[in-house]
Amino acid sequence: MSSPSLDPGGGRDFEGSFGASDPILSRRAEVQRTAASQLVRRKVTSRVAVFLCRASLVAALVPLVAVLAYTIRRGVSAWSVAFFTHLPTPAGIAGGGVSNAIIGTLIIDFFAALMAVPLGVGVGLFLSQSNGKVAYVLRFGADVLAGIPSIVIGIFAYAVLVVTLKHFSAIAGSFGLAVIMLPTVTRASEVAIRGVPRDVTEAGLALGGHRAHVARRVVLPAALPGVLTGVLLGIARAAGETAPLLFTAIGSQFTSYNVLHPMAAMPLIVYFDGIQAYPDLQKAAWGTALALIVIVFVLSVGGRVLSSRVRRSVG
Amino acid sequence: MSTTTATEKTSRIERAGRLQSRLSDPGYRWLLLVVAGVFGALLLAILIALVLQARPALVHDGLGLITSTRWDPVHAHYGALSMVVGTLITTAIALVLAVPLGLGTAVALATYVPRRLRTPLSVLVELLAAVPSVVFGLWGLLVVAPWFAGSLEPWLKSAFGFLGIFNGTPIGIGVLLAGVILAIMILPTMAAISRDVIIAIPRDQREGASALGATSWQVVSGVVLPSARSGILGAGVLAAGRAMGETIAVTMVIGNTDSIPHSLLGQGQTMASLIANEFTEATEPFHLSSLIAVGLLLLVISALVNGGARLMVRSIARSAPGVGVL
Amino acid sequence: MLNLNRPYPPRGRLSFRTRVAIATSALVVAGISSTAGVALAASNDLSTPKANLTGAGSTFDQPFFTLAFYDYYKLNANVTVAYASIGSGGGIAQFQANTVNFGASDVPMAASDLAKDTGGPALQIPVDLGGEAISYNLPGIKSGLHLTGAVLADIFLGKIKTWNDSAITKLNPGVDLPKLGITVVHRSDGSGTTYIFTNYLAVVSKAWASGPGVGKSPNWPVGVGGKGNEGVAGSVSEIKGAIGYVELDYALENKFSFAAMQNAAGKFVLPSIRTVAADAAQKPDVTPTDFPIVNEPGAASYPISGYSWALVYVKQTNTDVAIALARTLDWLTHAGQADAKSLYYVPLPANIQDLARIDIAKILTPAGTEALTASS
């Protein structure tokens, strides 16, 4: 176990020179011997552990690549001009598309954002300026809201808007998606507004502006990139949700611009047609899945790029 | 030549300023309070709406809702214990897989990856969270399930059958597949939050350990992980909450059998997948309200789990503004 | 021109002029009548008011409705019908809440359901007819395996667990059944298809009747659940040794093997348009309260069959919707049945079509007039 050549002291062994029983020096030699012998083990352990961590990272990316590859393989063959511009046709009749679902997703998500963004930014503004009890409860509430299963939110949207309005509607779907988007937008807004340097706000106030004015004209524009990140991420999350639409917008074979009626949506096509036996319906489902992934990825990456730009500029 | 005086100019500016924001400071605060109130009202509304709709079932089923395993709409007997167990089993499998992998990924992203690759790789991991759950469900059903049935599950049965948890015919879909798909879906949550928590550990602590001769793994295991412990725990609990609430992907791969599975190769049902399956169909007496009661149960459980988890995470990451804590 | 003084029949050849005259008149008459026919049909369609109808319900109806409403839109661009196949129970629920113009259910509403209708008295109109195939996944075993109702019930009760069980081999001498475990596949969502199936099982098996019983979401003793006909079909095609019940068109589309069920007359019958129609013909006096047609007598009858019903309120609240609804349903139950046949549904028997028309005629506009014959 002892290896005199590995003496980290880099010098002579003093034991022999001054007397064999110096307790400090012999203790030091013992420690050095132990450390030397364990160095190999520690290095090996470290190598293995680092390897395992890197392997975890690779393992985490494998499913992503697998899902993407499969979706691209099955979805790309469905993409065509007809796919994006035609209405769906019954099984066995060629030339169908998902234009109504694309339009439906755009409309439903637009109205969801319309409902969630003002409320979310407003609450973010409120939370950024107060740390009292009310703010604490609201923050906790937002966290709870973020964790509610999307199916439960779908039930809520059904109870509030479908039963009362007496029919299925796209607006009920938008409402459900808005509830899902809300925590993301709120959190991002609060963080972004808190991130605006205090001197900017104080300068605005010093110039004689009322708080509302300063908020609207100075703080929000400065916080805009961060808020926009939150909005993009929120929309990305909402765009991929299926469960809230199941009992609200429920889907349609036609293009509809009326939000008080059922409307087609891309996740619903994937959910209902993906397991159909008819090959052309399956193909349409995968084409839609690919289009959906592209949209969500672009929004998510865009949001992240924006947020890192903000971080860099704010420091 | 201007005939206005300085005071006239000032008052004009003041008037303009006042017009632009008719709100005074108290008015502004009042408006924000109203907005906050609307938000709070929304949260309450969700709870109240669910309780109201679920009340008939809570009265009719009583405690049997969570103690009985017999879910029988034809005879109006509703016991959701099998679904509660199903939720717990799938979540447990997902955590067993995702926590170590997620933590390893987080450590790699924070420490063992070249600096310029850090952001792109982190974005890639987070993209996993962006894939819609319906795509995961379909992929799981069509691609992973046959592989499970044909290769993985028979191997597990032959290699580990003595443990007694791999009995039964491997048919691919089931709680094991659901757990694995869930693990893939919650991995980004675990990894991203843990990574942020690890990065927040002050650099001097890490460098100090290095200076004392610690290997790079020892820096992590001896200094970083212990400091980040509660944040990582929070990340794990948050991931667990996500797993419990996931609906669509689970519905497509779990096998939809309303009983407690006897082996990991068996099929089951979770609370969320039960609701997704039966909601639009529920016309028998108390069926719909029982489903909403199960939804309420799920809401309460996930609220407790998620809320608690975020409290833990926030207390660690509070110092870093702008950090993307999901 | 024709010489009306010449006695009939003409002796010898007609003159050239006469033949031209006859031919011309014939063409003119044909032209006028066909134009008139087209004009009649066209004026019928064009005069239908603009309406966007919504319906919800049975997944069984979905392939038929999708094709039928698509074709109807080509004939009559004023009417679009959006149908959501959320299942029979869902269709009933939405109809009761009056959130859709019509519901569709494989099981007519019972009295207790009718009591919950918020739109007044309702009509239940048969719109299509189909059979449920018992599909199985046994590599190497062809279609047509013999099964009796009692054996099927025991399989779904979990009493028969392997394919080479003596109960099954006894019915199929000469077929080499493997020692493969049976995986039962049932519907995970409540459905009218399930109702018809459990109705059949309850009729042929006392153990089933006193156990899980008849319903849209029974407590299945064994088996895996699949969502919708597609889910069951998908699971059966994936799992070796699986057995499940699917609508005939799904079985044919997936190229499944399906069983020849023993009917009440003791014969083993494969599901087909002919055999399902034979079963339906045994009960011409079907009504919403007396609707099961499972296990009817007759040598050619396929025992697992059932109608699917459209649910409509008598008193409509919007004139345009009332007229469009009545005309659409009338087309669906008559000319539209051609679309049903192309998808392996069984066309409605003529007497049931008449029954449907009588019911559709009862739909009233807000003014109280009959919607079917109202001019718009």
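If you're wondering where the values come from, they're calculated on a predicted model, not measured in any experiment.

**Description of the sheet that holds strand S11 (residues 268-269) of chain C**
Residues and elements named next belong to chain C.
- Taken in spatial order, the three strands line up as S5-S10-S11 in an open sheet, and their pairing is mixed. Every interior strand has two partners, whereas the edge strands, strand S5 (146-147) and S11, have only one.
- Note that strand S10 (residues 260-262) and S11 share two bridges and pair antiparallel. Within S11, the residue paired with Met261 across the bridge is Val269.

**Comments concerning unusual backbone geometry**
- Phi at Ile250 of chain A takes a positive value of approximately 45°, unusual for a residue other than glycine.
- With respect to the helices and strands, Ile250 of chain A occurs in the loop between helix H10 (243-246) and helix H11 (266-273).
- Since 30 C-beta atoms lie within 10 Å of it, Ile250 of chain A is described here as buried.
- Despite not being glycine, Asn295 of chain C has its phi angle at roughly 55°, a positive value.
- Structurally, Asn295 of chain C can be placed in the loop between helix H11 (273-281) and strand S12 (305-313).
- With 21 C-beta atoms packed within 10 Å, Asn295 of chain C lands in the buried category.

**Section: the interface of chain C and chain B**
- Opposite the 26 residues of chain C that make contact, chain B presents 22 residues.
- For the side of chain C that touches chain B, the secondary structure elements donating two or more residues are helix H3 (88-96) and strand S7 (224-226) of chain C.
- Top element by residues in the side of chain C that touches chain B is H3 of chain C. It accounts for four residues.
- Taken together, the residues of the side of chain C that touches chain B sort by class into seven nonpolar, 14 polar and five charged.

**Side note on the packing of helix H4 (residues 81-110) of chain B against helix H7 (residues 175-199) of chain B**
Residue and element names in this part refer to chain B.
- The contact between H4 and H7 brings their axes to 6 Å, and the two run at 35°. Handedness of the H4/H7 crossing: right-handed.
- Across the contact of H4 with H7, the residue classes break down as 24 nonpolar, six polar and one charged.

**Here we look at the domain arrangement of chain B**
All names here are of chain B.
- Parsing chain B into structural domains produces domain 1 (2-58) and domain 2 (62-313).
- Look at where the C-alpha atoms of domain 1 and domain 2 centre, and you get two points 40 Å apart.
- With seven residues of domain 1 in contact, the opposing surface of domain 2 contributes ten residues.
- Partitioning the side of domain 1 that touches domain 2 into residue classes produces six nonpolar, one polar and no charged.

How each quantity is defined
- Residues numbered from 1 in each chain as written.
- Chains lettered and ligands numbered in written order.
- Predicted model: local features only at pLDDT ≥ 70, side-chain atom pairs only at ≥ 80, totals over all residues.
- Pairing = 2+ DSSP bridges.
- Helix = DSSP H or I, 4+ residues; strand = E, 2+ residues; numbered from the N terminus.
- Buried ≥ 20, exposed ≤ 12 C-beta atoms within 10 Å, placed from the backbone.
- Contact = placed C-beta atoms within 7 Å.
- Nonpolar A, V, L, I, M, F, W, Y, C, P; charged D, E, K, R; others polar.
- Axes fitted to C-alpha atoms, helices over the stretch in contact; angles between N-to-C directions.
- Left-handed = near helix turned anticlockwise from the far one by under 90°.
- Domains from an automatic or database assignment.

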